[in-house]
Amino acid sequence: SYYARARAFELGSDPKRASADYQATYERDPSFIMAHYYLGLINFEVHQDEKGAMREFAAMNTIDPGNEFSEIGQAYIDMSLGRDAEALKRVDAVEKKERAARGETDADASWRNPGLSMVWYIRGKIYGKKGDFKDPAKCIDAYTNYLQYTTDKPSAYANRGVAHEALYLQLRFSDKAAAEK
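Values in this document were obtained by computation on a predicted structure and should not be read as measured data.

Looking at the packing of aromatic side chains
Link 1 in the chain: The final tally for this structure, using the stated rule, is 10 aromatic pairs.
Link 2 in the chain: With a centroid separation of 5.8 Å and 20° between ring planes, the pair formed by Tyr22 and Tyr38 is classed as stacked. Taken together, the residues span a long stretch of sequence, with Tyr22 in helix H2 (residues 15-28) and Tyr38 in helix H3 (residues 33-45) at a distance of 16 residues.
Link 3 in the chain: Relative accessible area serves as the criterion here: at 16%, Tyr38 is assigned to the buried category.
Link 4 in the chain: Measuring from centroid to centroid gives 6.0 Å for Tyr121 and Tyr143, while their planes differ by 70°, and the two rings are edge-to-face. With Tyr121 in helix H7 (residues 118-128) and Tyr143 in helix H8 (residues 136-149), this pair connects stretches of sequence that are 22 residues apart.
Link 5 in the chain: What makes Tyr121 buried here is its relative accessible area of 5%.
Link 6 in the chain: Here the aromatic residues Tyr3, Tyr22, Phe32, Tyr37, Tyr38, Phe57 and Phe69 are joined through ring pairs into a cluster of three or more.
Link 7 in the chain: The aromatic ring of Tyr38 is capped on one face by Arg7, whose charged end is 3.9 Å from the ring centroid.
Link 8 in the chain: Between the NZ or CZ atom of Arg123 and the centre of the ring of Trp120, over which it lies, the distance is 4.8 Å.

If you want it as structure tokens, here you go:
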């Protein structure tokens with residue numbers, strides 16, 4: 001199938017061939033929304049084509065209104081462009097929708113759908129960077145959740161390590177300041 005080959009090309013770092021096969025996938029089956037999702041991510045990450053990415057995510061919403069992967073794709077773009085509050089709102093809405101669909105409470109962590117692991121990756125990126133949402137503990141938690149379900153982004157391991165270091169330094173200096181009082 002074109003889709004399977006596109007995924008292999010994408011994972012093998014050949015975005016040009018992956019893009020062509022994702023396009024071939026949805027030309028043959030316009031309802032195949034995941035081809036739009038991955039093509040949207042390639043458009044944004046590789047080609048720096050925000051409009052092309054948004055076009056793919058919008059196509060997903062046309063096929064399946066309110067599709068969670070379309071929201072995740074748009075959250076990824078928001079995060080990448082520094083619109084962190086908007087990105088967090090989107091991923092929180094995806095999580096809430098997923099919990100409601102499964103009839104689970106906020107305290108029940110079993111809602112985590114491996115296919116929606118990007119929710120955790122986006123949170124980790126936001127909580128790990130400088131800005132209003134920087135929180136090393138939340139960053140570590142987000143990347144740990146992400147890595148439970150997927151290992152396709154080695155940067156998640158590195159970013160979690162940096163967050164561990166930041167948390168250690170934060171705690172070390174707060175203990176030192178308390179001891180000096």
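Some words on the nonpolar core
Link 1 in the chain: Counting residues in each nonpolar core, the largest one holds 43 residues, and the members touching the most others are Tyr22, Tyr37, Ile72, Tyr76 and Ile122.
Link 2 in the chain: Contributing elements (two or more residues each) for this core: helix H1 (2-11), H2, H3, helix H4 (50-63), helix H5 (68-80), helix H6 (84-102), H7 and H8.
Link 3 in the chain: Here this core takes nine residues from H3, the largest share from any one element.
Link 4 in the chain: Contact partners of Ile72, with chain neighbours within four places excluded, come to Tyr37, Val94, Leu116, Met118, Val119 and Ile122.

Cut-off values and rules
Residues numbered from 1 in each chain as written. Predicted model: local features only at pLDDT ≥ 70, side-chain atom pairs only at ≥ 80, totals over all residues. Heavy atoms only, no water. Phe/Tyr/Trp six-rings, centres within 6.5 Å; stacked < 30°, edge-to-face > 60°. Helix = DSSP H or I, 4+ residues; strand = E, 2+ residues; numbered from the N terminus. Buried < 20%, exposed > 50% of the residue type's maximum accessible area, 1.4 Å probe, protein only. Lys NZ or Arg CZ within 6 Å of the ring centre and 35° of its normal. Core = buried A, V, L, I, M, F, W, Y, C linked by side-chain atoms within 4.5 Å. Contact = heavy atoms within 4.5 Å.

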